[in-house]
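Close look at the chain arrangement
So you can see what is in the structure, the chains are spelled out below.
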Amino acid sequence: MGRFRLKCLKCGRDYGQTYRLGCDRDEAFLRADYKEKQLKLRAQPGLGKFHSWLPIQEELTTKAGPITYKSEAFAKELGLSKLYIGFSGYWPEKGAFIKTCSFKELEAHPTIQLLKESGRKALVLASAGNTGRAFAHVSTLTGTEVYIVVPDSGMSKMWLPEEPSKSVHLIQMAPGNDYADAIKLADRLAKLPGMVSEGGARNVARRDGMGTVMLDAAVTIGQMPDHYFQAVGSGTGGISAWEASLRLREDGRFGTKLPKLQLAQNLPFAPMYRAWTAGRRELVPELDMMDAKKQIKETYATVLTNRTPPYSNIGGLYDALSETQGLMYGITMKEALKAKILFEELEGIDLLPASAVGAASLLKAVELGSVKRDACILLNIAGGGVERLKEDLTPRFLSPLATAKTPEVPLEELIEV
Ligand SMILES: *Cc1c(COP(=O)(O)O)cnc(C)c1O
Ligand SMILES: [Zn+2]
């Protein structure tokens, strides 16, 4: 069978070992079926350790990877006895070497590797910031061409820990456009010959790269955690954690109970929180995304403001929450800022806004009694260490190749077609 097969979650069709985003027949998600049913750790310094369950042939040698440690001070403050922190970012004292400072880099490394192995050319993506940074970095390391469309609000996040290479092409959206507009333009670019879309949650390499946070936790703790906390915008991290736990259950050595997903969004823009708490599988824009542009502007953690998350589809976040009896929280900016200060002071590392939302949801869960004090908890701090990084190196800002006034702008005005 090779190392893995990509199979459709709806009709079961087998697509083999290629770069592919969803089923031709029904557009459903694909999922990787790995030949190795037990996780066999490789001697690699970063996420390459988890090669058993990454949809690529060659082992990744990067030092970038998730780390897991047992919290003392923050745990004590909350009265929790088994709180583990999954940290994706830069914190060399703890062995964390993700220099773009978020778990998006866990998605970027396997995606670009799979693309290389599948013989495809340039990758196109839209990003509110962290994803763009991660893919620009891996493009610089590997020479793979990437086209990144960023809304104006994301430009301040477009820096790299090194001099960017010529393989990175950044397209800025003019002010007034949001992330949804960036997605529209990226979709048009991806249809050009020689280009391919990164596909977000539909991309199995992205999901399984992110799933390594759960794998690292299970290996470090010796079992799957009882609860998994994360702030979500697309929900891909939640889906990935769930899929990783399905594999860990099949492995047999890490327990049989799936971790309960406890996920948070940042108010006022919290469509999945609204739909899930209303018991709905469908996202209804009039109910869940009222006045979206205005709400998005008022949301502190902008990377969490995805308007088209993979929530309703088969194998999407609704399924992940259902199968794990999950919970969702709506977190205000005030709650996030309070948690950020507390966490940073007690744990000694700086957080990205989205991770402050994640930390705040754990505070809320403790308050509401949604976790027992002695439960085994994994808090996924999906991004942090930017301030720590600045002590060691100077971020270089990317300059845009072109600016797009609208998502409908003629493509010749942006790039050489
Ligand atoms: C992207 C991102 C999230 C949200 O991730 P999902 O794709 O919704 O799982 C959370 N935190 C940080 C730091 C991020 O960069
Ligand atoms: Zn299918």
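Refer to the structure presented above.
What counts, and at which threshold
- Residues numbered from 1 in each chain as written.
- Chains lettered and ligands numbered in written order.
- Predicted model: local features only at pLDDT ≥ 70, side-chain atom pairs only at ≥ 80, totals over all residues.
- Heavy atoms only, no water.
- Donors = N, O, S within 2.8 Å, 3.2 Å for Na, K, Ca; no water.
- Buried < 20%, exposed > 50% of the residue type's maximum accessible area, 1.4 Å probe, protein only.
- Axes fitted to C-alpha atoms, helices over the stretch in contact; angles between N-to-C directions.
- Helix = DSSP H or I, 4+ residues; strand = E, 2+ residues; numbered from the N terminus.
- Parallel < 35°, antiparallel > 145°, perpendicular 65-115°, else oblique.
- Left-handed = near helix turned anticlockwise from the far one by under 90°.
- Contact = heavy atoms within 4.5 Å.
- Nonpolar A, V, L, I, M, F, W, Y, C, P; charged D, E, K, R; others polar.
- Polar contact = N/O pair within 3.5 Å; in protein donor to acceptor, adjacent residues only side chain to side chain.
- Right-handed = clockwise from strand over helix to strand, strands pointing away.
- Pairing = 2+ DSSP bridges.
- Phe/Tyr/Trp six-rings, centres within 6.5 Å; stacked < 30°, edge-to-face > 60°.
- Lys NZ or Arg CZ within 6 Å of the ring centre and 35° of its normal.

Right, let's talk about the coordination of the zinc ion (ligand 2) for a bit. Taken together, Cys8 (SG), Cys11 (SG), Cys23 (SG), Asp26 (OD) and Asp26 (OD) make up the full set of protein donors to the zinc ion (ligand 2), lying 2.2 to 2.6 Å away. One chain supplies every donor to the zinc ion (ligand 2), and in sequence these donors are spaced C-x2-C-x11-C-x2-D. Taking the relative accessible area as the measure of exposure, Asp26 reaches 23% and is therefore partly exposed.

We now examine the packing of helix α6 (residues 212-221) against helix α7 (residues 236-251). Running from N to C, α6 and α7 point in directions that differ by 45 degrees, and their axes come no closer than 8 Å. When the axis of α6 is compared with that of α7, the two are oblique. For α6 against α7, the interelement crossing comes out right-handed. Contact residues: α6 offers Met214, Leu215 and Ala218, while α7 offers Ala241, Ala244, Ser245 and Leu248. Residues that form the contact of α6 with α7 fall into these classes: six nonpolar, one polar and no charged.

With respect to the secondary-structure elements, Ser127 resides in the loop between β6 (122-126) and α3 (130-142). There is a polar contact of 2.7 Å between the side chain of Ser127 and the backbone nitrogen of Gly129. Discounting chain neighbours no more than four positions away, the residues touching Ser127 are Gly132, Ile148, Val149, Val150, Pro151 and Tyr179.

Residue position: Thr220 is located in helix α6. Considered as a pair, Thr220 and Tyr84 are 136 residues apart in the sequence and their alpha carbons are 9.4 Å apart.

On to the pairing of strand β12 (residues 260-266), then. Looking along a regular strand, one sees the side chains alternate between the two faces of the sheet. Of all seven residues in β12, six are buried; the element is thus mostly enclosed. With α7 bridging strand β11 (residues 227-231) and the parallel β12, this β-α-β connection has right-handed handedness. Judged from the five bridges that link them, β12 and strand β13 (residues 327-331) form a sheet pairing that is parallel. Within β13, the position partnered with Gln262 by the bridge is Leu327.

If you trace the five strands from one edge of the open sheet to the other, you get β10-β6-β7-β9-β16, paired in parallel fashion. Looking at the sheet topology across the chains shown, the edges are occupied by β10 (195-197) and β16 (402-404). Averaged over all neighbouring strand pairs, the angle between strand axes comes to 25 degrees, with direction disregarded. Judged from the three bridges that link them, β6 and β10 form a sheet pairing that is parallel. Within the sheet, the bridge partner assigned to Leu123 lies in β10 and is Val196. Running at roughly 160 degrees to strand β7 (residues 146-150), α3 makes contact with β6, β7 and β9 (168-173) of the sheet.

So, on to the pairing of β7. Across the five residues that make up β7, a large majority, five, are buried. Alternating positions in β7 separate into two faces, Val146, Ile148 and Val150 on one and Tyr147 and Val149 on the other, with burial throughout. Pairing geometry for β6 and β7, over four bridges, is parallel. Paired with Val124 across the two strands is Tyr147, which belongs to β7.

It is worth spelling out unusual backbone geometry at this point. In this structure, the amide linkage connecting Leu267 to the following residue, Pro268, adopts the cis form with an omega of 10 degrees. Here Pro268 lies in the loop between β12 and α8 (271-277). Residue Gln325 is not a glycine yet carries a positive backbone phi of 50 degrees. Among the secondary structure elements, Gln325 is positioned in the loop between α11 (317-323) and β13. With relative accessibility at 57%, the residue Gln325 sits in the exposed group.

Turning next to the packing of aromatic side chains. With the rule as written, the count across this model stands at seven aromatic pairs. Ring geometry for Tyr69 and Trp91: centres 5.6 Å apart, planes at 85 degrees, overall edge-to-face. With a gap of 22 residues between them, Tyr69 in strand β3 (residues 67-70) and Trp91 in strand β4 (residues 82-91) connect regions that are remote in the sequence. According to the relative accessible area criterion, Trp91 is buried, its value standing at 7%. Ring plane angle 80 degrees and centroid distance 5.8 Å describe the contact between Tyr311 and Tyr318, whose orientation is recorded as edge-to-face. Residues Tyr311 and Tyr318 agree in their burial class; the two are buried. Taken together, the ring pairs in this structure connect Tyr69, Phe87 and Trp91 into an aromatic cluster. Positioned above the aromatic ring of Tyr69 is the side chain of Lys94, whose terminal nitrogen or guanidinium carbon lies 4.5 Å from the ring centre.

The values reported here are purely geometric and, on their own, carry no functional implication.
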